[in-house]
Structure formats: C-alpha cells, structure tokens
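Fold and geometry: a report
In case you want the letters, here they are:
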Number of protein chains: 2
Amino acid sequence: MISETTLDPENWDDVSDVFHQAIDHCIGMMKNVRERPIWRQVPSESTLRQHGNIPTEEHSLNDLFTYFQDSMLPYSNGNTHPRFFGWVHGSGNIAGVMGEMLAAFMNSNVGGRDHAAVYIERQVLDWCKQIFSFPEDSSGVVTTGTSMGTMIALTVARNTHAGGDVQKLGLQGLPARLVGYTSSEAHCSVAKTFDLLGLGQDALRRFPVDEHYRMDIEALKRSIAADRAGGLRPIAVVASAGTVNTGAIDDLCSIADICRDQNIWMHVDGAFGGLAVLAPEYKESLAAIARADSIAFDFHKWMHVPYDAGCVLIKNEAAHRKAFSSRVDYLTSLNDGLAGGEPWFCEYGPELSRGFRALKVWFTIQAYGIQRFADLISQNCRQASYLGELVKCSSNLQLLAEVTMNIVCFRYFIPGVPEDELNELNKTIVTELQTQGIAAPSTTTLAGRTAIRVAITNHRTVTADLDLLVDEVCRLGRTRGCK
Amino acid sequence: MISETTLDPENWDDVSDVFHQAIDHCIGMMKNVRERPIWRQVPSESTLRQHGNIPTEEHSLNDLFTYFQDSMLPYSNGNTHPRFFGWVHGSGNIAGVMGEMLAAFMNSNVGGRDHAAVYIERQVLDWCKQIFSFPEDSSGVVTTGTSMGTMIALTVARNTHAGGDVQKLGLQGLPARLVGYTSSEAHCSVAKTFDLLGLGQDALRRFPVDEHYRMDIEALKRSIAADRAGGLRPIAVVASAGTVNTGAIDDLCSIADICRDQNIWMHVDGAFGGLAVLAPEYKESLAAIARADSIAFDFHKWMHVPYDAGCVLIKNEAAHRKAFSSRVDYLTSLNDGLAGGEPWFCEYGPELSRGFRALKVWFTIQAYGIQRFADLISQNCRQASYLGELVKCSSNLQLLAEVTMNIVCFRYFIPGVPEDELNELNKTIVTELQTQGIAAPSTTTLAGRTAIRVAITNHRTVTADLDLLVDEVCRLGRTRGCK
C-alpha cells in the first residue's frame, strides 16, 4: 500500500475563513484606494528584500495572507490609484478580479480540448472582431499582451511573405533578405520582435515622424521602392494606433493603401490606442484598422482587465494556424470526448498550456457593456485635453507635444535655465511626486527634453486630480528650481 | 466640467456579497470534486456555444456568477479531479488560488519598476535556482510556461553562438547556417521554437531514441561533427528531463560533457519532469541539470500552481539581459521613486507588461514547503509503478513502454485482432472513459500502436483510482471489443 498525501487541506472551513477575510480586506482597499499614498518604497528592512532559502516548512494560509496584507499590498505599483498616470497602465476592475478568481478555482488549461473555457475564449474573440470590424472568419487568440500578440502576428506575416518555406528552411534558406517598416515612435516591442524572429533590428526600417509624431508616408513609399530595387523583400508595415510617447495615430488609411498595392502585411500595434475606435472622436482615424491583416492590443490597459491580458486578431486564419499548428501524437484530436473541440488554441500561438485568461475579459465586458468603455475612453481624452489647457494656462509649464489622445507631455520651465538643468529638474519633480505619494506620472524624452508624461488610462481619475497634479508640479518646481 | 464615471460600483456591499457567495460555492466544489463526473460535454443547447454580439448592457456580478456556476464550472476540463490523467496537467491547489486572487486585486504590472511584486518574483527565482543548483547570479523570469521559457532560452543560445551580431543583422546576415539538436521524443515546442526564431525546423536535428526512449548520444556526437565538417554552426542541444510520451530522461551528464567540449548551449526541457530532481529516486539522473546553460519548467504541472505559470533560468545573466533589454526613452529608469528597481523583468523576456504570476507560485511553495512536492512526486511515481504492475498482471492489458517516471502507456489487447482495430478500440476506450465521466487518460502512439496514456501529476489520485481505471478499461474493452 502506498502512503498517500494530498495538497487539499484537512479542514476546509479554516481555508474558507481566510478567503472571506481576504475578500473583505481587499475590497476595502479597493474602495478606499483614494485615501492611500500612490506609492511607497518597500522599506529597507522588509523581508521582501531578503534572498532566503526555499521554504521547507508549511505555513498556514492565515499567516501567508497576513504577510501579504502587511508586507506586499501597501507597496504595490500604484496603478489602481486615481492619480496614477505612469507609462500606460490600466486601473483594474472588480468584475475582472472576480473572473480571475473564478478562473483560478476552475484551473482550466485552454491550450485546447473541449470544455467551457474554450467557448468563452471564442466568444471574447468574436467580440473583438466586432470591435475592429474584422471578418467573422478571422482567427485570434488571447495573449499576455500586445508584445506577444505582435510576435504572433509578425511570425505569420514573415511566413506568408518570406518567398520560401521559412518554417522548414529557416531565414538562412531564403533567396532574399526580408525587411519591414515602422516609425521611429513605434513601441520598442516591434524591434524586439524583429530581433526575436531572427530578422534582426537592421531589417526594421524606422522612419522619422512628422510634426504630429506620425509615420512619414512618403518616406515609407520611397523605402519600399528602394528595398525592392535592392533585391530585398518587404514583408510588413507596423502601424501605431496610439504611440506610447504621445498617443499619435499613424495615417492608417494611407498605410493600408500602400500595403494593398505592394502586397505587404499590415499590422497595427493598438496596444492601448486601438480600443479608442470605440469612441466617436477616434472612430474615423482608427476605422482603417479594419483594413489591416492583423491587430494586437491590450485588455489590461484601456479595458482595465487585471494584468495580464491582450489579444491578437489575424484575418488569414489558415496562415495563422499553419504558423503554429503542430499536432503530434500526444496531442491528437479525437472526434468525441475531452480531446475534441477543434481547433485548439495552441495551434494559434507558441503556448501549449494556456490559462483561462479570457474569463476576466469576459466578466469585464459583460459587467459593464462595451459602451461604458467607449465613454471612459472619451472621458480620459477629455481629461487629457483639460490638462493640456491647464498646462497652456500656466506660465511655468510648457506643453511638449500636441495632446492627440490621452497623453500629455509637458515640463516645468524656467526661462534662462539650461536644458540639462531643466531635464534634471523635471526628473526630480516626477520622482518627488511619486515618493511623496501624490501622483505617478512617468518621464520620457521628446526632442532632447525630459517630459513629465501623463497618460490617463484610469477610470478613477477625476478632473480635481489633474488640478492637484498641476499645483503640485508647480510647487515642486518652485521649491526644487530655487536650489 | 467633465461628467465623470468610473467602473467602481456604487454599492460595494453588494459586490462583497457576490464574492463571498462565490468563495463558498467554489470551495465546496473543490472539496467535493471526487463526487463529480470528471468531464461533461458542454450541452449542444448551451449559450456558451453561441456566437453572440458584444454585450452593450450592464450585467450584475450576481447574474454573471450564477451563469458561471451553472454554465461553465460543471463543464471544466476535469484536471482538478482525482482521476484526471490526460496529457500532463496539474491539479491546482487552494493556496495557489489565493495567490492568484490576491494578485488580481493588487493588479501589479511586473514588467519593472520598484514595488512589492518585483521582490516576490525575485524570491521565487532564487528558490528555483536552489532547486536546480543553479548559481545565485543566474538570471530568470517567471513565464506562462515551458514553451515560452524555451523560446527565451533558445533566443539567448542563438544570439550567443550565432557567430555574428544576429540581433542587429538577423540570421540572414550571418556567415554560417545555425543548427541545433534534440531527440525524436522531444516536445513539439522545441521545433516550434526553431521555427519561430527563424532557424527553421530543418535546422533542428532530431535523433532516434534508444530502447528507453532517450536521445542517442553517439548519433548526437556524429551529427555535430558532420555539421561542423559541412560548415554549419551548432548552437544548442535541447535535452529532455521527462519526455511527454513516456517520461524518459535523456542522459544529461553525457550531453553536458558534449556541450562543454563543443562549446554548445545546453538547454533542458524540464516541463514536468525537471521538478522530479526534488525526489530522491530521480536526484541522480537529474543532477546534471545543474550543468546546463538553461532550464525551462512548469509550476502548473507537478507543483499544481493554477494555470498558467512556468519559469526559465539562464546562467549567463549578461547574455540573457542583452537579448531582451530595450530601455527606450519612456522606460528610462530613475534612481529613486517608482521608476527605480533595476533590473526590470521586461529586460529578460519579450513581454513588457507582465502579470503578478509569481504570487501564486510563492503562495504554493510557502503553504506546503518544498518537501511536500518531493513527497508528492515520489507518490505519483510509485502510483505509476503500481499501475504498471496492474497492467502486467492483467491478461487483457499490454504495457507499451517501460514506466520510468509517472507515465504509463498501455493498451487493451485481444490476441489475433489486427493492429488498426486495436488502435480504434483503444481510442474508443479512452473516449468512453471521458464521456462516461469515469477517468481522463489521453492517447498517444508508440511504434504505431495507440496507447492509453496515463500521466499521474495529480495530488488527489489514490491507488483505488488506479484499480478503478484498470477495471473500467477492461470492462470497456470487453464490451467494445465484442462488437
């Protein structure tokens, strides 16, 4: 007889008690998030900082939750706070939390097979096709985020336009070198993807942008012509639907025309900005996403799904499946039973085991309805516009880029002070805003100038938060600038 | 004034009520999982199967939870059940569920910056280094699973041994073609990765295996020599620590010797089997993982962390960081404040936004202590051995591969019946086991024979479940075989 043990607890009631306690505490935190400092550094004496040995003893869930409550939760990265404006972070939402919690209990592997989670992911993908006016027979997959989505899309683009069987032969077996195109303002994940796929960063031509930070379309045309003349093989253009620096939207319509005429794959990086197609004021400039071959975007940004969750949609389902399908003996599909459910999601991406990430997206969209996200996106853009006006009205502040969407880049300015000192001053202001727990913008550099970068993808922000931000930037600028 | 709305509920108490109700229901399900059928097909009339329009209306969390409870939870893929033996799935654990739930509330983006989640992921990685005797200054990152871990590791391997600046120039800019090596029993994700990285599947030499399903070491040596003589550039050997078909462990020591002598990257695919290094009976055969350049493995298999969670460890931290680091203007690190916390995890993988996946791993290891996992791995292997004996003792069953770890491949056998009919019969048996809700093994093919494949990575399985399985296979075999 084998002596048998399990990870299940002897006493489920005790476990249940800790869960209920955790729920009460965490909902309380969410409810009162505005009262907390936005960020506090993990204390130097915190055991979080210790590099310890792997635990050999058991710890009760009670003790572990208490540790979480005291040592982790107060030291989060702050993106659930109404004055978090750093990088592009979503703020989370309670329906999404419920989805994630239920997915953890259910513990489904959505790599394939025939079970409820597969159907939910298909529904979510159908909804996404509707958002971007992609055909019903497009394929897609829920990803950890846009970086992974772009990687999947560009793999299919590469394989489709390689001019040879790159899956079998590799890039080194192809007759011509492959090249792709994007703008200098494109997200760094595009270059990382070129690198990863073996194309190399040199194979990604990055064009300068116009005064609105949009890809120079004439440069794109010239470059494609020159590359073709030089015997190279253009495979893809990556257009930005909302650049990370300024929120600029490339001229998607012109890019779609060029890609159609040149038989090149058009991929749209819509990480946060893509979903602005839901908002009336961006519907027109983003409508040409429907003409792209693929789009990748995030649910964890402007849809506030808890991290991480993104998506890629691809029009050519067959090419998509061909790029990732690999049904070996132990993955053989059977007609009936659990091993049915064709096609399997593992045939549309690199991952074979896949969590039930789609459930938190499903809960989020079902709970609020898609119109709410349209309204919130518009709201954030109006708030950015409001902040832009505040900046323009302040003699000490300088707007560094046109406010095109939800991003405001500005700086504290003192006439006569050298640029490098201004750069340092603005970095200090941002650091102080964070360490004093007031607000969390991030920084970026535009034409050599350090900008305080405020990206409003936050459903908790109200205009009073922006008034406060401006006041505090000016206060810190005055204090620090006088040294 | 901007009219402002938020996703936060007006009444937090209502939300709290649904969460408490959900906790009670889900814990009840977990407690009574043995009483449920292992799998039920989503009914043909279920709304899960409908391709509907994107919701425009709000739905209460109460309604959504009720729908989940009635229409999703009963139709899971069954891997939390004690008689789930399909593919290689973990069974989940309640501490991991708590970790995932708390991570969803906290909603951290662990791409970088300075906050609690970053420290927890570092601790988890430190523990993993201890498990595999990797040096403290190794690098690593928590991934969605081994496929992603292998992709990260082989990217670093490719860049390290390319013989040129492949990140800049791409594979097409290199002087020699790159090749890698694995066995015919290696997981399909290895070939998918070669494909993805632009190396092509032909560049992956797959050797036949010996009678124990282990890589033929002499073939490996000959192939490396032949490739070098042919002007090709060997970059990596991928060794299996537990193949998916039979649980075979390659001769890691000999492979490590060859890789050292030949200056080739050694990567170990330890998806499920790697963690068996914790168990005394596998310590020796897996010890040479410590000599590898990288290992990828899953937490969601033999550590029962809720899906998805895996890990990759890489000895050469500098090469790892160089492969993925891309610190552009908007990701500039500042000395103080939230933008501190060097290095950032996004510098060690393709993803820039990253969920707090490490928390469910941390909770799981803390709750049980690492010794429990060693015990459970041994337990599952003893159970597999027990099942192997049962098969050997039954005149109607035939063992199709040596039981080397936790996997038992066998079939129902009727003397004189042609092989193709036996194959169909065994597929039918597996389907019936699933559709009748009894047990969920999967199938594979070994030397042309369809095998009933039982992989025991399940902390809820007891020997009585294996007795039942054998009885039911024989019953179904008798019934179906008489047609």
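Next up on the list: the relation of the copies chain A and chain B. Rotating chain A by 180 degrees and moving it 0.0 Å along the rotation axis overlays it on chain B with an RMSD of 0.0 Å. Between the two chains, the operation in question is that of a two-fold axis. Looking at the interface residues of chain A, 100% of them are also at the interface in chain B, so both copies use one shared face.

We now examine the environment of Thr6 of chain B. Looking at where Thr6 of chain B falls in the secondary structure, it is placed in the segment before α1 (12–31). A relative accessible area of 27% means that Thr6 of chain B is categorised as partly exposed. At 2.9 Å, the side chain of Thr6 of chain B and the side chain of His459 of chain A are in polar contact. Here Asp8 of chain B takes part through its backbone nitrogen, which lies 3.0 Å from a polar atom of the side chain of Thr6 of chain B.

Residues and elements named next belong to chain A. The buried fraction of strand β11 (residues 440–446) is high, at six of seven residues. Alignment of β11 against strand β12 (residues 449–455), held across five bridges, turns out to be antiparallel. Residue pairing in the sheet places Thr445 in a bridge with Thr450 of β12. Linkage of β11 to β12, two consecutive antiparallel strands, is achieved through a turn of two residues, within which Ala447 is found at a positive phi near 50 degrees.

Attention shifts here to the pattern of salt bridges. The full count for this structure, using the stated rule, is 52 salt bridges over all chains. The residue Glu419 of chain B makes a salt bridge to Arg449 of chain B at a minimum N-O spacing of 3.9 Å. Pair noted here: Glu419 of chain B is in helix α14 (residues 419–435) and Arg449 of chain B is in strand β12 (residues 449–455), with a separation of 30 residues, a long-range link. When its relative accessible area of 36% is taken as the criterion, Glu419 of chain B is described as partly exposed. Take Arg449 of chain B: its relative accessible area is 32%, and that puts it in the partly exposed class. Among the ionic contacts, a cluster of salt bridges with common partners joins Asp257, Arg260, Asp261 and Arg291 of chain A.

Turning our attention to the packing of helix α5 (residues 146–161) of chain B against helix α7 (residues 188–196) of chain B. Residues and elements named next belong to chain B. As a packed pair, α5 and α7 sit with axes 10 Å apart at the nearest point and diverge in direction by 45 degrees. By the angle between their directions, the pair α5 and α7 is classed as oblique. Judged by the twist between their axes, the crossing of α5 over α7 is right-handed. Facing α5, whose interface residues are Ser147, Thr150, Met151 and Leu154, α7 presents Ser189, Thr193, Phe194 and Leu196. A class-by-class count of the residues in the contact of α5 with α7 yields four nonpolar, four polar and no charged.

Attention now goes to the sheet that holds strand β9 (residues 397–399) of chain B. Residue and element names in this part refer to chain B. On the basis of which strands lie adjacent, the open sheet formed by five strands has the order β1-β11-β12-β10-β9 and mixed pairing. Edge positions in the open sheet fall to β1 (84–85) and β9, since each of these has one partner strand only. Here β1 pairs with strand β11 (residues 440–446) via two bridges, running parallel. Looking at β11, one finds that Phe84 is bridged to Ala440. Its contacts with the sheet place helix α15 (residues 463–481) against β1, β9, β10 (407–412) and β12, and it is angled at close to 25 degrees to β10.

This part covers the sheet that holds strand β7 (residues 294–298) of chain A. Within a beta sheet, neighbouring strands are joined by backbone hydrogen bonds and run either parallel or antiparallel to one another. All names here are of chain A. Sheet architecture is open: seven strands sit in the order β2-β8-β7-β6-β5-β3-β4, paired in mixed fashion. Because the sheet does not close on itself, it has two edges, and the strands there are β2 (139–143) and β4 (204–207). Direction aside, neighbouring strands of the sheet carry axes that sit 15 degrees apart on average. Pairing of strand β3 (residues 178–183) with strand β5 (residues 233–240), which is carried by four bridges, proceeds in the parallel orientation. By the bridge assignment, Tyr181 is partnered in β5 with Val237.

Moving on, we get to the side chain of Lys192 of chain B. Relative to the assigned elements, Lys192 of chain B resides in helix α7. Although Lys192 of chain B is buried, it makes no salt bridge; Glu347 of chain A carries the closest opposite charge, 8.3 Å away. Engagement of the side chain of Lys192 of chain B in a polar contact is seen with the backbone oxygen of Gly349 of chain A, the distance being 3.0 Å. Ignoring any residue separated from it by four or fewer positions in sequence, one finds Lys192 of chain B in contact with Phe324, Ser326, Cys346, Gly349 and Pro350 of chain A.

Glancing now at the domain arrangement of chain A. Residue and element names in this part refer to chain A. If you check the domain split of chain A, you get domain 1 (99–368) and domain 2 (371–481). Each side of the interface is counted separately: domain 1 has 25 residues, and domain 2 has 22 residues. Here domain 1 packs against domain 2, burying approximately 2000 Å² in sum over the two surfaces, 64% of which is carbon and sulfur. Interface area lost by domain 1 to domain 2 is led by Asn245, Trp302 and His304, which between them contribute 32%. For the interface between domain 1 and domain 2, the tally reads zero salt bridges. Inspection of the domain 1/domain 2 interface yields eight residue pairs in polar contact (both at pLDDT 80 or more). Residue assignment for the side of domain 1 that touches domain 2 shows that the elements contributing at least two residues are α10 (280–286) and α12 (358–368).

Looking now at the pairing of β7 of chain A. All names here are of chain A. The element β7 is largely enclosed, with a buried count of five among its five residues. Both faces of β7 are covered, namely the face carrying Ser294, Ala296 and Asp298 and the face carrying Ile295 and Phe297. Pairing of strand β6 (residues 265–269) with β7, which is carried by three bridges, proceeds in the parallel orientation. Following the sheet pairing, Asp269 is matched in β7 by Ala296.

Residue and element names in this part refer to chain B. In this structure, Asn423 sits in helix α14. The spatial distance from the C-alpha of Asn423 to the C-alpha of Asp210 is 24 Å, given a sequence separation of 213 residues. Excluding anything up to four places from it in sequence, Asn423 contacts Arg411, Gly448, Arg449 and Thr450.

Of all hydrophobic cores here, the largest spans 318 residues; its most connected members are Phe19 and Phe299 of chain A together with Phe19 and Phe299 of chain B. Excluding residues that lie within four positions of it along the chain, Phe19 of chain B makes contacts with Ile23, Ile27, Ile94, Val97, Met98 and Met101 of chain A together with Leu61 and Phe105 of chain B.

Within this structure, the stated rule accounts for 22 aromatic pairs over all chains. An angle of 70 degrees between the planes, with centres 6.4 Å apart, marks the rings of Trp87 of chain A and Trp344 of chain B as edge-to-face. In this pair, Trp87 of chain A sits in the loop between β1 (84–85) and α3 (94–106) while Trp344 of chain B sits in the loop between α11 (317–324) and α12 (358–368), so the two residues belong to two different chains. Counting every residue linked through ring pairs, the aromatic cluster contains Tyr67 of chain A together with Trp362 and Phe363 of chain B. The residue whose ring lies beneath Lys315 of chain A is Phe134 of chain A, and the NZ or CZ to ring-centre distance is 5.0 Å.

Attention shifts here to the interface of chain A and chain B. Contact with chain A, which involves 175 residues of that partner, is made by 175 residues of chain B. In total, about 15600 Å² of surface goes out of reach between chain A and chain B, with carbon and sulfur atoms giving 62% of it. On the chain A side of the interface with chain B, the three residues burying the most area are Leu7, Gln172 and Tyr330 of chain A, jointly 6% of the side's total. Remark: the boundary between chain A and chain B carries ten salt bridges. In this structure, the salt-bridge partner of Arg372 of chain B is Glu58 of chain A, at a minimum N-O distance of 2.9 Å. At the boundary of chain A and chain B, one finds 91 residue pairs in polar contact (both at pLDDT 80 or more). Per-element accounting of the side of chain A that touches chain B gives the leading share, 13 residues, to helix α1 (residues 12–31) of chain A.

Calculation rules
Residues numbered from 1 in each chain as written. Chains lettered and ligands numbered in written order. Predicted model: local features only at pLDDT ≥ 70, side-chain atom pairs only at ≥ 80, totals over all residues. Heavy atoms only, no water. Least-squares fit on C-alpha atoms with pLDDT ≥ 70 in both. Contact = heavy atoms within 4.5 Å. Helix = DSSP H or I, 4+ residues; strand = E, 2+ residues; numbered from the N terminus. Buried < 20%, exposed > 50% of the residue type's maximum accessible area, 1.4 Å probe, protein only. Polar contact = N/O pair within 3.5 Å; in protein donor to acceptor, adjacent residues only side chain to side chain. Pairing = 2+ DSSP bridges. Salt bridge = Lys/Arg side-chain N within 4 Å of Asp/Glu carboxyl O. Axes fitted to C-alpha atoms, helices over the stretch in contact; angles between N-to-C directions. Parallel < 35°, antiparallel > 145°, perpendicular 65-115°, else oblique. Left-handed = near helix turned anticlockwise from the far one by under 90°. Nonpolar A, V, L, I, M, F, W, Y, C, P; charged D, E, K, R; others polar. Lys, Arg positive; Asp, Glu negative; His and termini not counted. Domains from an automatic or database assignment. Buried area = accessible area lost by both parts, 1.4 Å probe. Core = buried A, V, L, I, M, F, W, Y, C linked by side-chain atoms within 4.5 Å. Phe/Tyr/Trp six-rings, centres within 6.5 Å; stacked < 30°, edge-to-face > 60°. Lys NZ or Arg CZ within 6 Å of the ring centre and 35° of its normal.

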